[in-house]
Amino acid sequence: MKWHVKYYSQKLEEEILKLPDGLLARYLRLTDMMLKFGANLGLPHTKPIDSGLFELRVKGKEGTARVFFCLKIGKKIIMLHSIIKKTQKTPKKEINIAKSRMKEVLKDEAF
């Protein structure tokens, strides 16, 4: 069975596709690897954040971005939230947004 990437919303997908060119290229490369090899690419590419919540670590010449995701049965990778990092530590508020969306996605059979 092949892996699939889905997005929490159309708005999130559009937001990710508007990342600066270098970050977008890196994001697309990493998601291609996830589709081929699975969601757990390991450090420095992916990192577990909390129970069932992971981050895709995207680095480029323009800076650093994080795309939070979770997994669902059927080899589905659900992208939940994205940010461009401005500080060393990821703000708790951003992680909480991803956690909230993850709870919603895991309850929804449509995802």
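This one's a predicted model, so the numbers in the text were calculated from it and none came from an experiment.

Caption draft 1: Expanded view of the overall build of the protein chain. Each helix and strand in the protein chain was counted, giving three helices and five strands. In the protein chain, the succession of α and β elements from N to C terminus is β-α-α-β-β-β-β-α. Relative to its length of 111 residues, the protein chain is compact, with a C-alpha radius of gyration of 13 Å against a globular reference of 13 Å. Its C-alpha atoms put the protein chain at 40 × 30 × 25 Å along the principal axes. Relative to its full complement of 111 residues, the protein chain shows a buried share of 41%.

Caption draft 2: Inspection of the pairing of strand β2 (residues 46–50) at higher detail. Of the strand pairs in this sheet, β2 and strand β3 (residues 53–60) are connected by four bridges, and their pairing is antiparallel. By the bridge assignment, Thr46 is partnered in β3 with Leu56. Hairpin geometry of β2 and β3 is characterised by an intervening segment of two residues between the two adjacent antiparallel strands and by a positive phi of about 85° at Gly52.

Caption draft 3: Fine view of the confidence of the model for the protein chain. The predicted model of the protein chain has a mean per-residue pLDDT of 92, with 99% of residues at 70 or higher. The secondary structure element of the protein chain with the lowest average pLDDT is β2, at 93, and the one with the highest is helix α1 (residues 10–17), at 96.

Caption draft 4: Focus on the pairing of strand β4 (residues 63–72). Summarising burial for β4: seven of the 10 residues are buried, a large majority. Bridging between β3 and β4 involves seven bridges; their strand directions are antiparallel. Within β4, the position partnered with Phe54 by the bridge is Phe69. Bridge count between β4 and strand β5 (residues 76–85): nine bridges; the pairing is antiparallel. Bridge pairing links Cys70 to Ile78 in β5.

Caption draft 5: Here's a closer look at the sheet that holds β2. In spatial order, the strands read β1-β5-β4-β3-β2; together these five strands make up an open sheet with mixed pairing. Across the chains shown, the open sheet's two edge strands, defined by having one partner strand only, are β1 (4–7) and β2. Neighbour to neighbour, the strand axes of the sheet diverge by 35° on average, direction disregarded. Lying over the sheet, α1 contacts β1, β4 and β5, oriented at roughly 50° with respect to β5. Sheet contacts for helix α2 (residues 21–37): β1, β3, β4 and β5; angle to β3, the most-contacted strand, approximately 135°.

Caption draft 6: Quick peek at the environment of Leu35. Take Leu35: it is sitting in helix α2. Discounting residues that sit within four places of it in the chain, Leu35 has contacts with Trp3, His4 and Val5.

Caption draft 7: Molecular detail of the packing of aromatic side chains. Applying the stated rule across the entire model yields one aromatic pair. Between Phe54 and Phe69, the aromatic rings sit 5.5 Å apart at their centres with planes inclined by 25°, giving stacked as the arrangement. Of this pair, Phe54 sits in strand β3 while Phe69 sits in strand β4, and the two are 15 residues apart along the sequence. When its relative accessible area of 1% is taken as the criterion, Phe69 is described as buried.

Analysis parameters
- Residues numbered from 1 in each chain as written.
- Predicted model: local features only at pLDDT ≥ 70, side-chain atom pairs only at ≥ 80, totals over all residues.
- Heavy atoms only, no water.
- Helix = DSSP H or I, 4+ residues; strand = E, 2+ residues; numbered from the N terminus.
- Rg over C-alpha atoms; globule rule 2.2 N^0.38 Å.
- Buried < 20%, exposed > 50% of the residue type's maximum accessible area, 1.4 Å probe, protein only.
- Pairing = 2+ DSSP bridges.
- pLDDT = per-residue confidence, 0-100.
- Axes fitted to C-alpha atoms, helices over the stretch in contact; angles between N-to-C directions.
- Contact = heavy atoms within 4.5 Å.
- Phe/Tyr/Trp six-rings, centres within 6.5 Å; stacked < 30°, edge-to-face > 60°.

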